Amino acid sequence: MRRRRVALLALVTVLGVGVAIAAVHLARLAWYPASDLALAELAVRRVGTSHTPLLGAYSRYGWAHPGPALWYVLAPWYRLGGQRSATLLAGVFLLDVAAVVTALGVLLRRAGARVTIVAGALLIPLLVGIGTNDLLIPWNARAYVLPLIALTVLAWSAGLGDDRWTLAAVVVVGGLVAQAHAGTLLLVALCTVWALAGLRHRADRRSVLAYAAVAAAIVWLPAIVDAVAHHGGNLGTLIGFSLGGDGPRAGYGIAWHRLADALSPRAFWLLGQHATVELDGTLSPRGGVAWGLVVLALGTLVAHRRGASRVVALGLLAAAVDLTGLISVAQVRPPVFPYLVGYLQVAGWLTLTAGVAGLLTAVPASRFDRVVRVAAAGLTVSIVVGLTVAALRAPVPERADGALVAALLPDATRGVRRCEAIDVRTVEGYTASGAAQGVALQWIRSGRTVTFDPRQPLEYGPQARRARDGACRVLFTVGTASGYARARTGDTVIATVTLGYAAAGFERAVFELAAQTAASVVKHVGVATPSAEDLQRMSGA
């Protein structure tokens, strides 16, 4: 027994050292975040200051996601890394590793080796399909996926009456997931109720519930403070939007097709593929049949007849997650972009894990079960090693957007070299605004005072305020005549380049080409400060 413990400690130490090396490697990358990632860093920078964020990431629907838990989780690593942008990549990587270890570790302890092997084997293509880029970036629409997997497993374990801290863990992880992405609110509510049902198995249910209540109060305190301080605040707006609001919803027809795609043998996540999109950015339909539901039904029935109650409970939770996912997708405002329904990957993974594990209960136990248990532990270790190696070999994430910021930054900074305060405005959509946010972040990091449009407080936080007197006004545009026409005498105009991404279906090569083109455009056009004559000529162009 002592040798086993020593060997386990040595293995954990080696894995921990490897993960730490990968995190340090990521933190040292030369990474220039843009768009939503730049806004994420701005939010993390404010944690612990007088402007500590109380809300999550800004949504295109006009509200913010429920809370800042993701920013709080990333903030310690950001501070330890000297506030380098790339330390956010390291923080997300550590969050991913923790989620994977938690999910597979709980399954190994509570469900056994066979279930763990099935879960680990199905997790591998899901990780490959998400891709290293999306596994590392601090984007709320991606960062919650692996923690959601851990949440479903923790909820299942708590529902079985696990130790007294599991319910509190469900509350904490659920708070992180729900605050990162509002689309998961129903799934988090389901997991919480499922976990609470486990209290019926416990004699110490009052103390367990007290721990969970304290955890919930801490996790949701920022959102509660915002709601109280602003007469309902962002939570009130979000609830109003969820209960009705204006505009159409995707509906159950589209929702069923999306769920069926995630449960079919051709599902993107199951084949280890990144979800492709149509020209309008919506998820490409696979035309799949939801065979996963058939596997789940058969597996749960077999497990019930074999008396495998824990596997049956996992199957019932998977069915409930599928139904909740269906309802969640139906409430999305079209178009249904892939990042809005990333939780369907988790539903697919959980469904097949429970179904296949249930079918395997028909295979009687044998003398090889000890070998199977070692294999399950080995598979968990292999996945952690794979994530570590992928992080060590990963190219700079979102390289094209970063290249655009890096290309614009020298000329842009020269254009405002005498400016202590800068008022940033954008014209003509995503390309200009993403570049503006990335360049503005670098200006803030250098100590300049930067303000944005005061009409967008949810997006820019305390930077969304009226510019002080004497501030330099900087206009980011894709470089068209109509963009220049918005300029005023004395403005600094920074010309970026239109990506043309819609016509090319979001192909990565187009982004790379756009970044290279942007560099050459900036080299020749650079920063222009229009005169009155220039403005008259451009507005008449």
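Refer to the structure above for everything that follows.
Definitions and cut-offs
Residue indices begin from 1 for each chain and proceed along its sequence in written order. Selection of residues for local features in this predicted model requires a pLDDT of at least 70, selection of side-chain atom pairs for listing and counting requires 80 or more, and totals for whole chains, interfaces and linings are taken over all residues. Only hydrogens and water are removed before side-chain values are computed, so all heavy atoms of the structure are retained for them. Secondary structure counts use DSSP, requiring at least four H or I residues in a row for a helix and at least two E residues in a row for a strand, with both numbered from the N terminus. Under the scheme applied here, a residue whose accessible area is under 20% of the maximum for its type counts as buried, over 50% as exposed, and between as partly exposed, the area being computed with a 1.4 Å probe on protein chains only. All accessibility values rest on the Shrake-Rupley procedure with a 1.4 Å probe; residue burial counts only the protein chains present in the view. Note on definitions: salt bridges are taken to be side-chain nitrogens of Lys or Arg within 4 Å of carboxyl oxygens of Asp or Glu. Helix span, as expected, comes to 1.5 Å for every residue beyond the first. Note on definitions: a residue-residue contact is assigned when non-hydrogen atoms from the two residues lie within 4.5 Å. Candidates for patches are residues over 30% relative accessible area with no salt bridge; among them, like charges are joined within 9 Å and nonpolar side chains (Val, Leu, Ile, Met, Phe, Trp, Tyr) within 5 Å. What is meant by a nonpolar core is a set of buried Ala, Val, Leu, Ile, Met, Phe, Trp, Tyr and Cys residues, joined one to another through side-chain atoms within 4.5 Å. When DSSP finds at least two bridges between two strands, those strands are taken to pair. Axis definition: a line fitted to C-alpha atoms, over the contacting stretch in the case of helices. Angles run 0 to 180 degrees between N-to-C directions. Under this scheme an angle from 65 to 115 degrees is roughly perpendicular, one under 35 degrees roughly parallel, and one over 145 degrees roughly antiparallel; angles in between are oblique. Two helices crossing with the near one rotated counterclockwise from the far one by less than a right angle form a left-handed crossing, whereas a clockwise rotation gives a right-handed crossing. Put simply, Ala, Val, Leu, Ile, Met, Phe, Trp, Tyr, Cys and Pro go in the nonpolar bin, Asp, Glu, Lys and Arg in the charged bin, and everything else, Gly too, in the polar bin. Whether two aromatic rings pair depends on their centres lying within 6.5 Å, for rings of Phe, Tyr and Trp, where Trp uses its six-membered ring; planes under 30 degrees apart make the pair stacked, over 60 edge-to-face, and the rest tilted. Note on criteria: charge over ring means Lys NZ or Arg CZ within 6 Å of the ring centre, with the direction from the centre no more than 35 degrees off the ring normal.

## Details of the overall build of the protein chain
Part 1: Looking only at helices and strands, the protein chain has 22 helices and five strands in total.
Part 2: Residues counted as buried form 52% of the 541 residues belonging to the protein chain.
Part 3: Total accessible area on the protein chain stands at roughly 24,200 Å², and carbon and sulfur atoms take up 63% of it.

## Points about the pattern of salt bridges
Part 1: In total, this model carries seven salt bridges according to the counting rule given.
Part 2: With a shortest N-O distance of 2.9 Å, Arg445 and Glu41 are connected by a salt bridge. Of this pair, Arg445 sits in helix H18 (residues 430–445) while Glu41 sits in helix H2 (residues 35–46); the two residues are 404 residues apart in sequence, bridging distant segments of the chain.
Part 3: By relative accessible area, which is 31% here, Arg445 ends up partly exposed.
Part 4: Its salt-bridge partner being Asp453, residue Arg455 comes within 2.8 Å of it at the nearest N-O pair.
Part 5: Among the residues examined, Arg455 registers a relative accessible area of 69% and is labelled exposed.
Part 6: A residue is classified by how much of its surface remains accessible, and Asp453, at 11% relative accessible area, is buried.
Part 7: Members of the salt-bridge network, linked through shared partners, are Arg164, Arg202 and Asp204.

## Focus on helix H16 (residues 369–393)
Part 1: Helix length check: H16, at 25 residues, gives a terminal C-alpha distance of 36 Å against a target of 36 Å (1.5 Å per residue), a fit within 8%.
Part 2: Here H16 has its buried residues at Ala376, Leu379, Thr380, Ile383, Val384, Leu387, Thr388 and Ala391.
Part 3: On its buried face, H16 sits against helix H1 (2–27), helix H4 (87–110) and helix H5 (113–136).

## A word on a nonpolar patch on the surface
Part 1: On the surface, a nonpolar cluster with roughly 460 Å² of combined accessible area is contributed by Val289, Trp291, Val294, Leu298 and Leu359.
Part 2: The dominant element in the nonpolar patch, judged by the number of residues it contributes, is helix H13 (residues 291–305), at three residues.
Part 3: Within the fold, Leu298 resides in helix H13.

## Digging into the environment of Leu263
Part 1: Examined against the element boundaries, Leu263 turns out to sit in the loop between helix H12 (251–262) and H13.
Part 2: For Leu263, a relative accessible area of 3% corresponds to the buried category.
Part 3: Along the chain, Leu263 and Val289 lie 26 residues apart, while their C-alpha atoms are 7.3 Å from each other.
Part 4: Other than its neighbours up to four places away in sequence, Leu263 contacts Val289, Ala290, Trp291, Gly292, Leu293, Asp322, Ala347, Gly348 and Thr351.

## A closer look at the nonpolar core
Inside soluble globular proteins, nonpolar side chains tend to come together where they are buried.
Part 1: Grouped together as the largest cluster of nonpolar side chains are 104 residues, with contacts concentrated most on Phe93, Leu123, Tyr343 and Trp349.
Part 2: Those residues in contact with Leu123 that lie beyond four places of it in its chain are Val100, Leu104, Ile149, Trp349 and Ile383.
Part 3: Judged by nonpolar contacts, the second largest core, of 27 residues, contains Leu404, Leu408, Ala432 and Phe452.

## Notes on unusual backbone geometry
Outside of glycine, negative phi angles account for most residues, and trans bonds account for most peptide bonds.
Part 1: Of the consecutive residues Pro334 and Pro335, the connecting peptide bond is found in the cis state with omega at 0°.
Part 2: Within the secondary structure layout, Pro335 lies in the loop between helix H14 (309–330) and helix H15 (343–360).
Part 3: Of note in the backbone geometry, Ser35 takes a positive phi value of approximately 55° without being a glycine.
Part 4: Turning to its location among the elements, Ser35 is positioned in helix H2.

## Re the pairing of strand E1 (residues 421–426)
Part 1: Pairing between E1 and strand E2 (residues 449–451): three bridges, direction parallel. Pairing of Asp423 across the sheet is with Thr451, part of E2.
Part 2: Sheet topology places E1 next to strand E3 (residues 472–477); five bridges connect them, and they run parallel. Bridge pairing links Asp423 to Arg473 in E3.

## So, the environment of Val153
Part 1: Within the secondary structure, Val153 sits in helix H7 (residues 145–159).
Part 2: For Val153, a relative accessible area of 1% translates into the label buried.
Part 3: Apart from the residues lying within four places of it in its own chain, the contact partners of Val153 are Ala103, Val106, Leu107 and Trp349.

## Here's the deal with H1
Working note: α-helix, 3.6 residues per turn, so residues spaced by three or four point in the same direction.
Part 1: In this model H1 runs 37 Å from its N-terminal to its C-terminal C-alpha over 26 residues, within 8% of the 38 Å that 1.5 Å per residue would give.
Part 2: Those residues of H1 that fall on the buried side of the exposure criterion are Val19, Ala22, Ala23, Leu26 and Ala27.
Part 3: Considering only its buried residues, H1 is in contact with H4, H5 and H16.

## Topic: the packing of helix H8 (residues 166–180) against helix H10 (residues 205–229)
Part 1: It is at 8 Å that the axes of H8 and H10 come closest, and there the two elements cross at 20°. With respect to H10, the axis of H8 lies roughly parallel. Considering how the two elements wind past one another, H8 and H10 form a crossing that is right-handed. Contacts between H8 and H10 involve Leu167, Ala168, Val171, Val172, Gly175, Ala178 and Gln179 on the former and, on the latter, Val208, Leu209, Tyr211, Ala212, Ala215, Ala216, Val219 and Trp220.
Part 2: Partitioned by chemical class, the residues of the contact of H8 with H10 number 13 nonpolar, two polar and no charged.

## Section: the packing of aromatic side chains
Part 1: The tally for this structure, following the rule as stated, stands at seven aromatic pairs.
Part 2: On the basis of an interplanar angle of 35° and a centroid distance of 5.3 Å, the ring pair of Tyr61 and Phe241 is categorised as tilted. In this pair, Tyr61 sits in the loop between H2 and helix H3 (69–80) while Phe241 sits in helix H11 (residues 233–243), placing the two residues 180 residues apart along the sequence.
Part 3: Relative accessible area serves as the criterion here: at 13%, Phe241 is assigned to the buried category.
Part 4: When the ring of Trp165 is compared with that of Tyr211, the centres are 4.5 Å apart and the planes differ by 20°; the resulting orientation is stacked. Of the two residues, Trp165 is situated in the loop between H7 and H8 and Tyr211 in helix H10; the sequence distance between them amounts to 46 residues.
Part 5: Given a relative accessible area of 52%, Trp165 falls into the exposed group.
Part 6: Here the aromatic cluster, defined as three or more aromatic residues joined through ring pairs, consists of Tyr61, Trp63 and Phe241.
Part 7: Residue placement shows Arg249 over the ring face of Phe241; its charged tip is 4.7 Å from the ring centre.

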